[in-house]
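Examination of the molecular architecture
The chain contents come next:
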Amino acid sequence: LPAVASPATPVVPGVAGTSPVPGAPPAGPRRLEFLLRNTNELLGRMDVDGVKTGQTARAGGCVILSVARPPLTRQIDKDKFEIKPRKLVVVILGSPNRFADGQALIQRGWALLDQWMAAGRPMDNVKKEITSP
């Protein structure tokens, strides 16, 4: 399954449209119930809207987080508007505490974006590496 579902990549219709597999219950009026549990502890907090969690012995704790703020909108003239989306994607690999690390990186990412915007969005040294304090 794709990591992100959207109208452009409909997941449920594709899954629902698959043929029965061996061992599947027979079609008919029989009702099946099951519980889906999401393991992303940040989902719904801090505007996190996805994407993927995982953990293995070799990789450790991993998570990819997507978080968005409302877009910035500016009217250019009578009929034209400039819309700038604001979205962060955070990737954590091999972390003993992936959700705390993800939360810290989201806060740091927004702080750096706000700082950059307050400075007038300078682009004089785009190769400068940003490191955590």
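Refer to the structure above for everything that follows.
Remember, it's a predicted structure, so these values are computed and weren't measured experimentally. (Residues numbered from 1 in each chain as written. Predicted model: local features only at pLDDT ≥ 70, side-chain atom pairs only at ≥ 80, totals over all residues. Heavy atoms only, no water.)

Once that is clear, we can look at unusual backbone geometry. What you tend to see is this: most non-glycine residues have negative phi, and most peptide bonds are trans. A positive phi angle is found at Met-46, which is not glycine, with a value near 55°. Here Met-46 lies in the loop between α1 (11-16) and β1 (48-56). Classification of Met-46 by relative accessible area gives partly exposed; the value is 28%. Positive phi, normally seen in glycine, also occurs at Arg-121, with a value near 60°. One can find Arg-121 in the segment after α2 (98-118). When its relative accessible area of 27% is taken as the criterion, Arg-121 is described as partly exposed. (Helix = DSSP H or I, 4+ residues; strand = E, 2+ residues; numbered from the N terminus. Buried < 20%, exposed > 50% of the residue type's maximum accessible area, 1.4 Å probe, protein only.)

Attention shifts here to the pattern of salt bridges. Using the criterion set out here, one finds 4 salt bridges in the structure. Where Glu-82 meets Arg-74, a salt bridge forms, and the shortest distance between an N and an O atom there is 2.9 Å. Residue classification places Glu-82 among the partly exposed residues on the basis of a relative accessible area of 25%. In this structure, Glu-82 and Lys-84 form a salt bridge, with 3.9 Å as the shortest nitrogen-oxygen distance. Sharing partners across several salt bridges, the network here consists of Arg-74, Glu-82 and Lys-84. (Salt bridge = Lys/Arg side-chain N within 4 Å of Asp/Glu carboxyl O.)

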